[in-house]
Amino acid sequence: MKLLSFAIPCYNSADYMEKCIKSVLIGGEDVEVIIVDDGSTKDDTAEIADRYAKMYPTIVKAVHQENGGHGQAVNTGLAHATGKFFKVVDSDDWVDARSYKKILTTLKSFVEGEEPDMVIANYVYDKVGAKRKKVIHYDNVFPVEQMFGWDDIGKFKIDQYILMHSVIYRTQLLKDCALQLPKHTFYVDNIFVFEPLPYVKKMYYVNTNFYRYFIGREDQSVNESVMISRIDQQLSVNKRMIDSFISENPQNINCRKYMINYLRIMMEVSSIFLIVSGTKEHLEKKKALWQYAKDKDEAL
């Protein structure tokens, strides 16, 4: 069994995906790298994936599928994963070499059968043109480099919530909770992190700047104008997260509080973009979102 499976969703990513792939290949035979070509048509994404699979046949898998969006590419990566742990790295991002070695050493240190359900590490906003790179760390929230549970965590700041960039899940936990992200939908990384949380009992935090989150492409999903144009997809994700929370009804008080606060932040982000757009239709959608949450909460 491999120690760590990386899924790299790729869609017309030829201009930057090799930097991502090379960064995770440093792990050698301890890892597997699943490059998911999500129906790319405009460039050499498929050929690059196949080339790396041929060069590193014991490490890299190239999987080609009809276009299903980021979520379906993550689903495919998880379906092919054989590693004990699972990490998603977007094709325009990469991992830091020094931190990577620390992460692998940490994962190897866990006793068989006593592995954490979730490993958290820091991530860096690698914004084009920024002189200083913003680091999101959690050393004031989590015990450092020791096993802990929900009852051991501190208070999160507004920018400290656990994102796909910071999390490594135990693969079997994701399969046990039957995680399936929706097709052709943006912002599903929030679902990826959120829905498994009621199943998480043991966690481990490594205080190292592992993930480099690139910000600078005009077509990125976090671009303000892009987010407004895709607001219906963001609302769909919000509603699914609300439904998931109500359905799972997490019993641990701290887990429950965290999920409620995370939900509130996601809904506030959606509300801000709906207000910024300024249309009557979008203001009605903002009102409907909060009413949806209220109705679901009253039904609990």
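See above for the structure.
The shown structure was predicted, so the numbers you read here are calculated from the model rather than taken from an experiment. (Residues numbered from 1 in each chain as written. Predicted model: local features only at pLDDT ≥ 70, side-chain atom pairs only at ≥ 80, totals over all residues. Heavy atoms only, no water.)

S.K.: Can you tell me about the pattern of salt bridges, naming the residues and giving the values?
M.R.: Tallying each qualifying case throughout the model produces 16 salt bridges. Between K84 and E115 there is a salt bridge whose closest N-O contact spans 3.2 Å. Linking K84 in the loop between helix 3 (69-80) and strand 4 (85-88) with E115 in the loop between helix 4 (97-109) and strand 6 (118-127), this pair joins segments that are 31 residues apart in sequence. Note that K296 and D243 form a salt bridge whose closest N and O atoms lie 3.4 Å from each other. (Salt bridge = Lys/Arg side-chain N within 4 Å of Asp/Glu carboxyl O. Helix = DSSP H or I, 4+ residues; strand = E, 2+ residues; numbered from the N terminus.)

S.K.: Can you break down unusual backbone geometry residue by residue, with the values?
M.R.: Among all residues except glycine, the phi angle is most often negative; among peptide bonds, the trans geometry is most common. Residue N12 is not a glycine yet carries a positive backbone phi of 50°. A positive phi angle is found at Y187, which is not glycine, with a value near 70°. Summarising the element assignment, Y187 is placed in the loop between helix 5 (171-176) and helix 6 (189-194). Residue classification places Y187 among the buried residues on the basis of a relative accessible area of 8%. (Buried < 20%, exposed > 50% of the residue type's maximum accessible area, 1.4 Å probe, protein only.)

S.K.: Go over the nonpolar core with me, naming the residues and quoting the values.
M.R.: Here is a general trend for soluble globular proteins: nonpolar side chains tend to be buried in one another's company. Within the largest apolar cluster, 99 residues are counted, with the highest numbers of intra-cluster contacts made by F142, Y169 and F192. Leaving out residues up to four positions away in the same chain, Y169 has contacts with F85, F86, D117, M118, L174, F192, V193, P196, L197 and V200. (Core = buried A, V, L, I, M, F, W, Y, C linked by side-chain atoms within 4.5 Å. Contact = heavy atoms within 4.5 Å.)

S.K.: Quick rundown of the side chain of N12? Include the residues and the values.
M.R.: For N12, the location among the structural elements is in the loop between strand 1 (4-10) and helix 1 (17-25). A polar side-chain atom of N12 sits 3.0 Å from the main-chain amide nitrogen of T41. Setting aside anything within four residues of it in sequence, one finds N12 in contact with S40, T41, K42, D43 and T45. (Polar contact = N/O pair within 3.5 Å; in protein donor to acceptor, adjacent residues only side chain to side chain.)

S.K.: Lay out the packing of aromatic side chains with the relevant residues and their values.
M.R.: Here the structure, examined in full by the defined rule, presents 22 aromatic pairs. Taking 5.9 Å as the distance between ring centres and 40° as the angle between the ring planes, the aromatic pair formed by Y100 and F210 counts as tilted. With Y100 in helix 4 and F210 in strand 10 (residues 203-215), the pair connects residues that are 110 residues apart, well separated along the chain. We note that Y100, like F210, is buried. Taken together, Y138, F142, F148, W150, F156, Y161, F194, Y205, Y258 and Y262 form an aromatic cluster joined through their ring pairs. Above the plane of the ring of W94 lies K19, whose end atom (NZ or CZ) is 3.6 Å from the centre. When the ring centre of F186 is taken as origin, the NZ or CZ atom of R230, which lies over that ring, is 3.5 Å away. (Phe/Tyr/Trp six-rings, centres within 6.5 Å; stacked < 30°, edge-to-face > 60°. Lys NZ or Arg CZ within 6 Å of the ring centre and 35° of its normal.)

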